[in-house]
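What follows is each chain in one-letter form.
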Amino acid sequence: MTEPSADLRETVRRRYAAAAVQVTEGGTACCGPDAVEIDDNFGSTLYAADERDTLPAEALAASLGCGNPTAVADLHEGERVLDLGSGGGIDVLLSARRVGLTGKAYGLDMTEEMLALALENQQKAGATNVEFLKGAIEAIPLPANTIDVVISNCVINLSTDKPAVFAEMFRVLKPGGRIGISDVVADDTLTPEQRAERGDYVGCIAGALSFAEYRQGLEAAGFTTIELSPTHAVADGMHSAIVRATKPTINNRAEASTGSDSCCGVTACCTPTEQADDPNKTVAEAKNASGCNCS
């Protein structure tokens, strides 16, 4: 990671750590914690009243997203869901309700303070099919081919290495898995400099991709059936948008390079996206078990 990227990441971490502390310290108020002060285009007001009524006040107060990804991800009973940048846990807790006790909802966040708040909210909600993980969205600490749906709420725009995020989403999803994301996306006519004029990086504006850049990034990672649909404006030429895409059930790039979907116990053998067919094994372990001579 370059020094400017590391500095930006630390700035983002400090901003969201401070937001978590603000909510936690406000938790003793008679009517619940005060919400973090953000623009009207962001936060818990983007969720339906019946959804808000089922959640701890602290989860609502810590909501900093630009949409409601659980409303567009079409979650089903028994599915395994991963929320990238889970914050205070609002989308994880809502996902856990949708997938039921036979499913599971993971939340991934790099901020200790947000993770602590999310765990408190999990206990208050009584959610048993939830697990919060510490880590970066550019290096997801889960095995390949284990997740049915990846969601995220206004977080990918904050990453300084978006190709890595897209590649990691593709890696952890099962074949046929999908993404349902809310994120800030810029008009294709806006340059990076013009986006920065409309807001800073931690405010979810300067780091946003354009619609074309977002599509190209997902395509490069291997996703298909990509849809980007703006929902509401968050600044001039900047939009909250719903992003949907699917991981193919057959890896076309593997077919092109090997002539089949799987060999040596791995998919996409000897390509940058190779993955073990058995999610409990590493690529090297899968190849060794199959007797493959590929390195």
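Keep in mind that what you see is a predicted model, and the values were worked out from it rather than measured. (Residues numbered from 1 in each chain as written. Predicted model: local features only at pLDDT ≥ 70, side-chain atom pairs only at ≥ 80, totals over all residues. Heavy atoms only, no water.)

### Considering the environment of Thr 246
- Mapped onto the elements of the fold, Thr 246 is located in strand β7 (residues 238-246).
- Ignoring any residue separated from it by four or fewer positions in sequence, one finds Thr 246 in contact with Gly 176, Gly 177, Arg 178, Phe 223, Thr 224 and Thr 225.
- At 2.8 Å, the side chain of Thr 246 forms a polar contact with the side chain of Thr 225. (Helix = DSSP H or I, 4+ residues; strand = E, 2+ residues; numbered from the N terminus. Contact = heavy atoms within 4.5 Å. Polar contact = N/O pair within 3.5 Å; in protein donor to acceptor, adjacent residues only side chain to side chain.)

### Concerning the nonpolar core
- Grouped together as the largest cluster of nonpolar side chains are 32 residues, with contacts concentrated most on Leu 82, Met 169, Ile 179, Tyr 214, Leu 218 and Phe 223.
- Elements supplying a minimum of two residues to this core: β1 (80-84), β2 (104-109), β4 (147-153), α7 (162-172), β5 (173-186), α9 (211-221), β6 (224-235) and β7.
- Tallying contributions element by element places α7 first for this core, with 5 residues.
- Apart from the residues within four sequence positions on either side, Leu 218 is in contact with Phe 166, Met 169, Ile 179, Phe 223, Ile 226, Val 243 and Ala 245.
- Formed by 10 residues, the second largest nonpolar core is a distinct cluster that contains Ala 186, Leu 190, Ile 205 and Ala 208. (Core = buried A, V, L, I, M, F, W, Y, C linked by side-chain atoms within 4.5 Å. Buried < 20%, exposed > 50% of the residue type's maximum accessible area, 1.4 Å probe, protein only.)

### Some details on the packing of α7 against α9
- Here α7 crosses α9 at 45 degrees, and the two axes come no closer than 9 Å. If you check the angle between α7 and α9, you find them oblique. Here α7 runs over α9; the crossing is right-handed. On α9, the residues that touch Phe 166, Ala 167, Met 169 and Phe 170 of α7 are Tyr 214, Gly 217, Leu 218 and Ala 221. (Axes fitted to C-alpha atoms, helices over the stretch in contact; angles between N-to-C directions. Parallel < 35°, antiparallel > 145°, perpendicular 65-115°, else oblique. Left-handed = near helix turned anticlockwise from the far one by under 90°.)

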